[in-house]
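# Structural features, examined
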Amino acid sequence: MKQRVPQIILTVVALLLIASAFVARPEGSGAPFGQRLLAFADQEFATWFSILAVFAFLLGGLNLVATHLVKIRDRGPDRYYSLVTLVSFLIVLVIGTAKLGGPPGLQGDVTAPGSWLTAVFDAVLSPLHATLYSLLAFYIASASYRAFRARSLESSLLLASALVVLLGRIPAGRHLTAWVPEQLAFLRVEELSLWILRVPNTAGQRALMIGIALGVIALAVRMIAGVEKDPRSGGDGS
Amino acid sequence: MNGWLAPGTWNVALVGATVCALIVVSVVRARRGAHVPVRSFPPLLALDRAVADAVAQGRPVYFVAGSQDLDNMQTVAALAVLRPLARKVAEAGGRLFVPTNRSLVMDNAREICRRAYDDAGRGDLWRDDWVAYISDDHLGFVARVDGLIARERPGLCVLMGFFASESLLLAEGGHQVGAVQIAGTASAVQLPFLVASCDHVLLGEELFAAGASLEGDAARLGSLRGQDLCKLAAAACLVAGSLVATLADVTGAQPWLFLRDAFLNVFRAG
């Protein structure tokens, strides 16, 4: 029973939502009950998920506090990181909940200019984000170096096509093959670069998208049919 | 029926129903004992060895279920991989850390791991704080996870699900401590980054098949067979459509033009 009820709810809700995507919107109060039911499902279920997600925030916050309190209590090697996390969390929570520096009241915008929360975002969070994000430049360089080493036919092809695309996107690359006669213009690096992006790249992307769509449908069918049990059930699903 | 069907959706309904029917028929056939040939996925074959090596070296295993909530199918597919992975780690007597950035994912992942350790008879090993909520903020999440990886030095990092810019930040964090990295995503934009930085990668649809392939029961394998049949049908439609369109343009004959229009009507988007 503990497993069957969630499965029934999942199946009914999923079928209603799928059907609602294909059924015309009801026009007026005289529309058939089925049409009105599907329109209701389509409109309301997303709202219900948002309400659930609000409670999930509470669950996450409580878990965060509990985990780090335990680390501080146990005097583990990472306790100072935990202390910083907890203090930051509580400061932002108080600033946001009390709407310090911003318009007061329930309707007051917590992110209004001049509010303390906006100041924390602009002065602390945003620079931290930028710092972390800028690491991507170095990581891309090191990952590309490893991936582009010509160890096999595949990686050599990858290296060659990447070079052509890179050269095709910069002015210096265009000058390299500007001498190629007009009749053979398709061999110029910028034309080759465009061809790689438009033909083999697009073909690969489309094949990927078709496969992904089929994979999503197959997983959805498994879940609706109860073959893929609730991940929490621990059963074999057969 | 005309009043019921939303305008412009009949072709999607038709193709969707055909795909679902193929998958359901394959599941039913597999359940009745039909032989189900399914190709193996090299990244999943490497999983057993990587888990064993990590545990033998006394290093933990890290699993990240993407950066989206449970309403994203990639997260659901990632959790389907977590269950067999947790069982393997538990059977080997290892530690499995699952940092999450959504509390609903944390709740589900914790239950999956606890059950897997119980099922493997290693419930004594399991600690609830191995599955922890970090932050909904992507970069805050990455900063914490990369810090944990640098300090804990895992032997295996498994990154499954939807990732945005954090994919490379996470993968490089694992690479720097010498962890074996197995990733899988259906995010076409992030796939190149994962391919460049991880040892093994499940590409696109393979992510959705991974859980079923690892569990290996008849019904799930049947659905994979159905998925493969659908791909075959899609490829056949592509070839046939190209031929028909070419013949219609070259000959201009009425039957080919009619067939070309029929193809375009069935497979038009939107």
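The rules we used
Residues numbered from 1 in each chain as written. Chains lettered and ligands numbered in written order. Predicted model: local features only at pLDDT ≥ 70, side-chain atom pairs only at ≥ 80, totals over all residues. Heavy atoms only, no water. Helix = DSSP H or I, 4+ residues; strand = E, 2+ residues; numbered from the N terminus. Buried < 20%, exposed > 50% of the residue type's maximum accessible area, 1.4 Å probe, protein only. Areas by Shrake-Rupley, 256 points an atom, 1.4 Å probe, with all protein chains shown as cover. Lys, Arg positive; Asp, Glu negative; His and termini not counted. Charge placed at Lys NZ, Arg CZ, Asp CG, Glu CD. Salt bridge = Lys/Arg side-chain N within 4 Å of Asp/Glu carboxyl O. Pairing = 2+ DSSP bridges. Right-handed = clockwise from strand over helix to strand, strands pointing away. pLDDT = per-residue confidence, 0-100. Contact = heavy atoms within 4.5 Å. Core = buried A, V, L, I, M, F, W, Y, C linked by side-chain atoms within 4.5 Å. Axes fitted to C-alpha atoms, helices over the stretch in contact; angles between N-to-C directions. Parallel < 35°, antiparallel > 145°, perpendicular 65-115°, else oblique. Left-handed = near helix turned anticlockwise from the far one by under 90°. Nonpolar A, V, L, I, M, F, W, Y, C, P; charged D, E, K, R; others polar. Expected span 1.5 Å × (residues − 1). Buried area = accessible area lost by both parts, 1.4 Å probe.

## Some remarks on the overall build of chain B
- When its secondary structure is counted, chain B shows 10 helices and six strands.
- When burial is assessed residue by residue, chain B has 52% of its 270 residues classed as buried.
- As displayed, chain B offers around 11,200 Å² of accessible surface, 60% of which is attributable to carbon and sulfur atoms.
- When the 24 basic and 26 acidic side-chain charges of chain B are each reduced to a single mean position, those positions are 5 Å apart.

## Describing the environment of A:Ser155
All names here are of chain A.
- By the element assignment, Ser 155 lies in helix α5 (residues 153-168).
- You can call Ser 155 buried: its relative accessible area is 9%.
- Separated by 84 residues in sequence, Ser 155 and Lys 71 have C-alpha atoms that sit 45 Å apart.

## A word on unusual backbone geometry
- The backbone phi angle of A:Arg75 is positive, close to 50°, even though this residue is not glycine.
- Looking at where A:Arg75 falls in the secondary structure, it is placed in the loop between α2 (33-73) and α3 (79-98).
- A relative accessible area of 63% places A:Arg75 in the exposed class.
- The phi angle at B:Arg153 is positive, at roughly 50°, despite the residue not being glycine.
- Looking at where B:Arg153 falls in the secondary structure, it is placed in the loop between α5 (138-152) and β4 (156-160).

## Notes on the pattern of salt bridges
Residues and elements named next belong to chain B.
- With the rule as written, the count across this model stands at 20 salt bridges over all chains.
- Residue Arg 122 pairs with Asp 124 through a salt bridge whose shortest N-O separation is 4.0 Å.
- Here Asp 124 falls in the exposed class, since its relative accessible area comes to 65%.
- A salt bridge links Arg 260 to Asp 249; the shortest N-O distance between them is 3.1 Å. Taken together, the positions of Arg 260 in helix α10 (residues 254-266) and Asp 249 in helix α9 (residues 218-251) put the pair 11 residues apart, joining distant regions of the chain.
- Using a relative accessible area of 60% as the deciding quantity, one classes Asp 249 as exposed.
- Each of the salt bridges in this network shares a partner with another, and the network as a whole consists of Glu 111, Arg 114, Arg 115 and Asp 128.

## Notes on the pairing of strand β1 (residues 61-64) of chain B
Residue and element names in this part refer to chain B.
- Neither face of β1 is left uncovered, since the one carrying Val 61 and Phe 63 and the one carrying Tyr 62 and Val 64 both have all their residues buried.
- In the sheet, β1 pairs with strand β2 (residues 96-100) via two bridges, with the strands oriented parallel. When the sheet's bridge partners are listed, Val 61 is paired in β2 with Leu 96.
- This β-α-β element, β1 to helix α3 (residues 73-92) to β2, shows right-handed connectivity.

## Regarding the confidence of the model for chain B
Residues and elements named next belong to chain B.
- Model confidence for chain B is summarised by a mean pLDDT of 91, while 99% of its residues fall at 70 or above.
- Mean pLDDT values over the elements of chain B span from 89, in helix α7 (residues 191-197), up to 97, in β1.
- For this predicted complex, the interface confidence reaches an ipTM of 0.89, while the overall pTM sits at 0.87.

## Re the side chain of A:Glu190
All names here are of chain A.
- The residue Glu 190 is located in helix α7 (residues 189-198) in this model.
- For the buried Glu 190, no salt bridge is present, and the opposite-charge side chain at shortest range is Arg 188, 5.0 Å distant.
- When near neighbours in sequence (up to four residues on either side) are disregarded, Glu 190 contacts Gly 168, Arg 174 and Thr 177.

## Some points on the nonpolar core
- If you look at the biggest cluster of nonpolar residues, it comprises 84 residues, and the most contacted ones within it are B:Phe63, B:Leu82, B:Leu96, B:Leu156 and B:Met160.
- Counting residues per element, this core draws most heavily on α3(B), which supplies 10 residues.

## Observations concerning the packing of α3(B) against helix α8 (residues 206-215) of chain B
Residues and elements named next belong to chain B.
- Interhelical geometry of α3 versus α8 gives an angle of 30° and a closest axis separation of 8 Å. One element, α3, and the other, α8, form an angle in the roughly parallel class. Where α3 crosses over α8, the two elements pack in a sense that is left-handed. Only Leu 207, Phe 208, Ala 210, Gly 211, Leu 214 and Glu 215 of α8 make contact with α3, whose side of the interface consists of Met 73, Gln 74, Ala 77, Ala 80, Val 81, Arg 83, Pro 84, Arg 87 and Lys 88.
- Looking at the contact of α3 with α8, its residues break down into nine nonpolar, two polar and four charged.

## Description of the sheet that holds β2(B)
Residue and element names in this part refer to chain B.
- Strand order in this open sheet of six strands is β3-β2-β1-β4-β5-β6, and the pairing throughout is parallel. Lying at the two open borders of the sheet, with one neighbouring strand each, are β3 (131-133) and β6 (200-203). Direction aside, neighbouring strands of the sheet carry axes that sit 15° apart on average.
- One ladder, built from four bridges, connects strand β5 (residues 180-185) with β6; its direction is parallel.

## Describing α9(B)
- With 34 residues, α9(B) extends 48 Å between its outermost C-alpha atoms, agreeing within 8% with the 50 Å of an ideal straight helix rising 1.5 Å per residue.
- Buried residues along α9(B) sit in contact with α8 (200-224) of chain A together with α1 (10-31), α3, α8 and α10 of chain B.
- Positioned one or two residues after α9(B), B:Gly252 has a phi angle of 70°, which is positive.

## Description of the confidence of the model for chain A
All names here are of chain A.
- Summarising the model, chain A shows a mean pLDDT of 85, and 95% of its residues fall at 70 or more.
- Looking at the elements of chain A, mean pLDDT is at its lowest for α2, recorded as 85, and at its highest for α7, recorded as 94.
- Residue range residues 234-238 is modelled with pLDDT below 50. Its contacts to residues more than four positions away, or to other chains, number 13 contacts.

## Side note on the interface of chain B and chain A
- Each partner contributes to the interface: chain B provides 67 residues, whereas chain A provides 58 residues.
- Its largest share of buried area at the contact with chain A, chain B owes to B:Trp4, B:Arg83 and B:Arg220, together 11% of the area lost on that side.
- Counting across the interface, chain B meets chain A through two salt bridges.
- Between B:Glu172 and A:Arg146 there is a salt bridge, with its nearest N and O atoms 2.7 Å apart.
- In terms of residues, the side of chain B that touches chain A owes the most to one element, helix α4 (residues 103-119) of chain B, which gives 10 residues.

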